[in-house]
2 protein chains.
Amino acid sequence: MRCNVDIVNIAPGDGRYDAAVSSYHHGNLREALVQAAVVLGREKGPDGIVLREVARRAGVSHNAAYRHFADRDELVREVARVGLDELSAAMQARVKRVRVTDPVARARRRLRETGKAYVDYAIAEPGLFATAFSVVALGELDGPYEHLSAALDECLAVGFLPPEKRDGAELSCWAGVHGFSMLYGTGPLSEAPKKERDADLDRLLDRIDDSLRG
Amino acid sequence: MRCNVDIVNIAPGDGRYDAAVSSYHHGNLREALVQAAVVLGREKGPDGIVLREVARRAGVSHNAAYRHFADRDELVREVARVGLDELSAAMQARVKRVRVTDPVARARRRLRETGKAYVDYAIAEPGLFATAFSVVALGELDGPYEHLSAALDECLAVGFLPPEKRDGAELSCWAGVHGFSMLYGTGPLSEAPKKERDADLDRLLDRIDDSLRG
DNA sequence: GACTGGATGTGGACAGTGACAACATAACGA
DNA sequence: TCGTTATGTTGTCACTGTCCACATCCAGTC
């Protein structure tokens, strides 16, 4: 008879595993493992997601995870998905908060906020951001990518972005904010003071704005 | 009496260790270790630089490296330096090859080649590029950064880049090419066809050019 | 020319890791 | 009720980075 810790013993929306008592079977181990892995990924990045430590934190033996994930990589991918979801949500929330009426100014502002949200998330959550991009394939990026596409479509619709520049615009914008995120997040500029970083980000977003202007 | 393999037993420019015969003492182990580590880093990235494998390839026991490097990290940093040197050299070589006489066209072209060289190196050598940026501090980036600065100075001098845009121009350019390199090098776009990648790179460099124009 | 001290390389150990196999227990369905 | 299956555990393996004690060799001194 073993005593497991009783974190996340309730499967949300799934009545089968509602026993919150300690027992041989955890009840909702998969979720508990993912949550523990997310904590580690958030704190230490992809390499910090150590299977045995995750199991320890879920109060379970070192091999239990193999009943729910084929290998470590599959667990890391789950964490990456969480990071991408958070990133996507952060972008959407930021864009929704824009209160500008002039159509052109509004479109430009939404694109800028999209980029700002991307970078802000990367810097606020370097571990999860790195985990996300250590693993992700293009198909899983739908959320963030769609937000960027929508912002660019709006810039096109209001006449700010000329049609001949629409092709590949996602990529040039994405590259800019992604590079900034890497350089300042976990890269060579990660020790730079916040003040300087903010100024650099503003200028970067200004240049992106310039680059799209007709 | 042990038989070490006889790779890099000649210390370049150092006559003291010119015995190329096998012996207990390697002769130029530090260099041999760095070279083996560079090979691993080139093939598999920073995580592929495994101390014991490096030692194996240098024909030496698993602990020998500790006479030359404090720990694994110090060896990885050496590999990073090699990567940065190669990157810097690639940028310089590319810029030197520009044959354009018109001053403005020449300045723009040199900036473009600077960026192209950066991305090309990142994609040709994803392992070393990732190793370099897994470790590097700002101070060690002098080479590549100076080349970019010089190209931007030239754009300013010939009147293409307006003075009010000069501040922070390094960063917006760097972010763009760095982000592109990450996305296409080891990131979510690494599986994309070369044709598409080339088109995207051209458009990115076009947009950077646009963004600096007065 | 022998001796010795410091530099360099070796062998053995340890804790930590991802993974596999065999076993234990609980839940579920006939 | 009983076996089948899902889930968790223990034990083990190969591999890693790092530390320790020891071996070997080179260089400079008597």
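All values derive from a computational prediction rather than experimental measurement.

Calculation notes
Residues numbered from 1 in each chain as written. Chains lettered and ligands numbered in written order. Predicted model: local features only at pLDDT ≥ 70, side-chain atom pairs only at ≥ 80, totals over all residues. Heavy atoms only, no water. Helix = DSSP H or I, 4+ residues; strand = E, 2+ residues; numbered from the N terminus. Contact = heavy atoms within 4.5 Å. Areas by Shrake-Rupley, 256 points an atom, 1.4 Å probe, with all protein chains shown as cover. Axes fitted to C-alpha atoms, helices over the stretch in contact; angles between N-to-C directions. Parallel < 35°, antiparallel > 145°, perpendicular 65-115°, else oblique. Left-handed = near helix turned anticlockwise from the far one by under 90°. Nonpolar A, V, L, I, M, F, W, Y, C, P; charged D, E, K, R; others polar. Buried area = accessible area lost by both parts, 1.4 Å probe. Salt bridge = Lys/Arg side-chain N within 4 Å of Asp/Glu carboxyl O. Polar contact = N/O pair within 3.5 Å; in protein donor to acceptor, adjacent residues only side chain to side chain.

### Remarks on the overall build of chain A
When helices and strands are counted, chain A shows 8 helices and 0 strands. Listing each helix as α and each strand as β along chain A from the N terminus yields α-α-α-α-α-α-α-α. Across chain A, every contact between residues at least 6 apart in sequence was considered, and the portion connecting residues at least 24 apart equals 62%. Within the structure as shown, chain A displays about 10600 Å² of accessible surface, and the carbon and sulfur contribution to it stands at 51%.

### As for the packing of helix H4 (residues 103-124) of chain B against helix H6 (residues 142-157) of chain B
Residue and element names in this part refer to chain B. Orientation of H4 relative to H6, taken along the N-to-C sense of each, is 160°, at an axis distance of 8 Å. When the interaxial angle is binned, H4 and H6 end up roughly antiparallel. Remark: the crossing between H4 and H6 carries left-handed chirality. Residues Arg 106, Ala 107, Arg 108, Arg 110, Leu 111 and Thr 114 of H4 lie in contact with H6, whose contacting residues are His 147, Leu 148, Ala 151, Leu 152, Glu 154 and Cys 155. Within the contact of H4 with H6, the residues separate by chemical class into 6 nonpolar, 2 polar and 4 charged.

### Some points on the interface of chain B and chain A
Counting residues at the interface gives 29 residues for chain B, matched by 29 residues for chain A. Interface area for chain B against chain A, summed over the two sides, is near 2400 Å², with a carbon-plus-sulfur share of 74%. The largest share of the area that chain B buries against chain A comes from Leu171(B), Pro188(B) and Arg207(B), three residues that together contribute 24% of it. The tally of links between chain B and chain A comes to 2 salt bridges. For the salt bridge of Lys165(B) with Asp210(A), the shortest nitrogen-to-oxygen distance reads 3.0 Å. The tally of links between chain B and chain A comes to 2 residue pairs in polar contact (both at pLDDT 80 or more).

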